[in-house]
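What follows is the residue order along each chain.
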Amino acid sequence: MVQFLHSISAFIEGSAMERLYETMYRLLENTTSEFHRYIYDRINWDNRMLGLVGPRGVGKTTLFLQHIKHANQTDRALFASADNLYFSDHTLFDTAEAFSKSGGAFLYLDEIHKYEGWSRELKAIYDSFPDMHVYFTGSSILDIERGEADLSRRAPKYHLQGLSFREFLAMRHGIETPAFSLEDIIEHRASIPGVTHPLPYFREYLISGYYPFGQDPDFSIELAQVINRTLEVDIPQFANMNASTGRKLRKLMALASTLAPFKPSMAKLASQIGASRNNLEDYLLFIEKAGMTAQLREPSSSINALGKVEKVYLDNTNILHNLSDGAPDVGTVRETFFFNQMRVNQKVFSSPISDFQIDGATFEVGGKSKGARQIRDAAQGFIVKDDIEYGHGNVIPLWAFGLSY
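Please read all numbers here as calculations on a predicted model, not as lab measurements.

Trainee: Explanation requested: the nonpolar core in the structure shown.
Mentor: Nonpolar side chains tend toward joint burial in soluble globular proteins. Counting residues in hydrophobic clusters, the biggest one holds 121 residues, and the most contacted among them are L122, F165, F338, F363 and F401. Setting aside anything within four residues of it in sequence, one finds F338 in contact with F356, I358, F363, V365, V384, L398 and F401. If you look at the next biggest cluster of nonpolar residues, it comprises five residues, including I375, A378, I383 and I388.

Below, the structure is given as structure tokens:
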């Protein structure tokens with residue numbers, strides 16, 4: 001009788017595991033490998049453990065599935081989402097153990113932040129199965145250094161942003177162009193092969209090009225859901241917030257959408273959303289790390305210190321269009337795009353005389369009639385103009401900065 005019960009238990013366990021494999025195979029069948037995100041080749045896939053974090057909807061899941069196919073790992077890989085019902089009565093460690101005993105070598109865990117106690121179990125898996133590679137995705141609000149176990153030295157963390165203008169051209173329109181450095185861009189070496197008029201593509205990108213699902217018919221509804229779930233589920237879950245705090249985050253985001261870019265007055269903002277001033281800085285940091293906003297800071301005199309926040313922007317132009325009902329301020333759109341694209345590979349700071357500064361260079365962003373008055377005292381100044389196709393001298397088209405990653 002005992003042997004029979006053990007056999008039944010093993011059968012049930014095996015069946016549950018098989019459903020994970022079936023889900024993975026279905027996902028792999030629907031995953032194309034023609035286009036890889038910018039970060040794909042930057043990841044050291046030889047690491048025994050690594051994390052890929054980023055906002056909702058930027059393509060983390062797809063990138064992992066692509067790697068399983070590209071590296072021909074299907075026979076020795078298991079991909080599972082941490083919010084799968086399987087994990088309601090199975091632990092990550094037990095899953096890894098069963099996977100290891102069956103000859104598995106590459107364990108991919110999606111949305112790890114949805115599993116309580118994830119960091120402790122990942123540490124145990126790392127220490128117990130030295131021949132296994134473990135890769136996980138998570139919300140960009142995950143902070144490995146603050147985890148319950150020391151994963152910082154075991155699991156390097158890669159941060160995935162949304163699509164650049166360059167990636168949008170390749171993914172949505174099949175137009176391939178290399179990534180250009182900032183030096184290439186300001187020296188007018190950045191171009192889009194075969195495209196004489198980039199502005200129509202650029203306008204499309206500003207509205208729906210940042211997210212890989214931007215071509216979906218219901219993109220505006222889906223993006224609104226991403227924003228709401230980030231504010232109401234992801235952040236409160238991570239920070240152990242209650243429902244009322246989640247509502248305050250929504251108020252803060254709604255306020256930011258009407259004011260951005262704005263210089264934050266902590267006391268005033270706290271009063272407007274009904275929060276304490278002491279908590280507001282944390283709220284602003286959480287919504288920034290979750291990919292909803294971005295804080296432009298002054299340069300700091302200390303290497304390790306963060307400079308004072310000069311302005312708060314919405315994270316990207318798609319969110320800006322979505323929250324402004326399709327009629328955002330055009331100047332805000334331009335600055336948001338520049339800041340969003342440049343901060344992936346550069347440290348971008350506020351400028352005391354203009355809009356932005358990067359590595360000592362000053363950038364003033366505006367329309368095609370923008371003058372050079374703001375940068376006349378800059379040691380190295382550039383005018384970044386929207387609505388122009390080509391640049392000259394220190395005048396650079398805005399769209400060119402979208403080719404940097």
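From this point, the narrative continues.
Trainee: What's the story with the packing of helix α10 (residues 266-273) against helix α11 (residues 277-289) in this structure? I'm lost.
Mentor: What describes two packed helices is the angle between their axes and the distance between those same axes. In the contact formed by α10 and α11, the axes pass within 9 Å of each other and the chain directions differ by 90°. With respect to α11, the element α10 is oriented roughly perpendicular. Mapping the contact onto sequence places M266, A267, L269, A270 and I273 in α10 and R277, L280, E281, Y283 and L284 in α11. Here the contact of α10 with α11 is built from residues that sort into eight nonpolar, no polar and two charged.

Trainee: So what exactly am I meant to see when it comes to unusual backbone geometry here?
Mentor: In this structure, the amide linkage connecting A260 to the following residue, P261, adopts the cis form with an omega of -5°. Mapped onto the elements, P261 comes out in the loop between α9 (243-259) and α10.

Trainee: When you look at the packing of aromatic side chains in this model, what are you seeing that I'm missing?
Mentor: Aromatic ring pairs are reported here in terms of the distance separating the ring centres and the angle at which the planes meet. Evaluated as defined, the whole model comprises 30 aromatic pairs. Joined through ring pairs, the aromatic side chains of Y313, F338, F339, F356, F363, F382 and F401 make up one cluster. Across from the ring centre of F339, 5.0 Å away, lies the NZ or CZ of R343, which sits over that ring.

Trainee: Is there a simple way to think about the confidence of the model for the chain in this case?
Mentor: Predicted coordinates in areas of low pLDDT are best not read in detail. Per-residue confidence for the chain gives a mean pLDDT of 91, with 93% of residues at or over 70. Note on residues 1-12: pLDDT is under 50 here. Beyond four places in sequence and across chains, it has zero contacts.

Trainee: For this particular structure, what's the right way to read the sheet that holds strand β9 (residues 356-358)?
Mentor: The strands that make up a sheet pair up through hydrogen bonds in the backbone, lying either parallel or antiparallel. A sheet is described by the order of its strands in space; here five strands give the open sequence β8-β9-β10-β11-β12, paired in mixed fashion. The strands lining the two open edges of the sheet, one partner per strand, are β8 (349-350) and β12 (395-397). As paired elements, strand β10 (residues 361-366) and strand β11 (residues 381-385) share five bridges and run parallel to each other. Counterpart to T362 in the pairing with β11 is G381.

Trainee: Would you take a moment to explain the pattern of salt bridges for this structure?
Mentor: Tallying each qualifying case throughout the model produces 18 salt bridges. Close ionic contact of D386 with R203 constitutes a salt bridge, the shortest N to O distance being 3.1 Å. Here the residue D386 occupies a position in the loop between β11 and β12, and R203 occupies one in helix α7 (residues 199-208), the gap between them amounting to 183 residues. D386 sits in the buried class, given a relative accessible area of 3%. In this structure R203 comes out as partly exposed when scored by relative accessible area, which is 28%. As a salt-bridge pair, R250 and E232 come within 2.7 Å of each other at their nearest N and O atoms. Of the two residues, R250 sits in helix α9 while E232 sits in helix α8 (residues 219-239), which places them 18 residues apart along the sequence. Residue E232 is classed as partly exposed on the basis of its relative accessible area of 39%.

Trainee: Even after reading the chapter, I still don't get α7, so can you show me in this structure?
Mentor: It helps to recall that an α-helix has 3.6 residues per turn; residues three or four apart then point in one direction. Among the residues of α7, those classed as buried are L199, F202, Y205, L206 and S208. Of the surrounding elements, those touching the buried residues of α7 are α5 (165-173), α8, α12 (317-323) and α13 (330-342).

Trainee: Even after reading the chapter, I still don't get the packing of α8 against α9, so can you show me in this structure?
Mentor: Contact geometry of α8 with α9 gives a least axis separation of 9 Å together with a crossing angle of 140°. When the axis of α8 is compared with that of α9, the two are oblique. Of the two elements, α8 crosses α9, and the hand of that crossing is right-handed. Contacts between α8 and α9 pair N228, L231, E232, I235 and P236 from the former with G246, L249, R250 and M253 from the latter.

About the thresholds
- Residues numbered from 1 in each chain as written.
- Predicted model: local features only at pLDDT ≥ 70, side-chain atom pairs only at ≥ 80, totals over all residues.
- Heavy atoms only, no water.
- Core = buried A, V, L, I, M, F, W, Y, C linked by side-chain atoms within 4.5 Å.
- Buried < 20%, exposed > 50% of the residue type's maximum accessible area, 1.4 Å probe, protein only.
- Contact = heavy atoms within 4.5 Å.
- Axes fitted to C-alpha atoms, helices over the stretch in contact; angles between N-to-C directions.
- Helix = DSSP H or I, 4+ residues; strand = E, 2+ residues; numbered from the N terminus.
- Parallel < 35°, antiparallel > 145°, perpendicular 65-115°, else oblique.
- Nonpolar A, V, L, I, M, F, W, Y, C, P; charged D, E, K, R; others polar.
- Phe/Tyr/Trp six-rings, centres within 6.5 Å; stacked < 30°, edge-to-face > 60°.
- Lys NZ or Arg CZ within 6 Å of the ring centre and 35° of its normal.
- pLDDT = per-residue confidence, 0-100.
- Pairing = 2+ DSSP bridges.
- Salt bridge = Lys/Arg side-chain N within 4 Å of Asp/Glu carboxyl O.
- Left-handed = near helix turned anticlockwise from the far one by under 90°.

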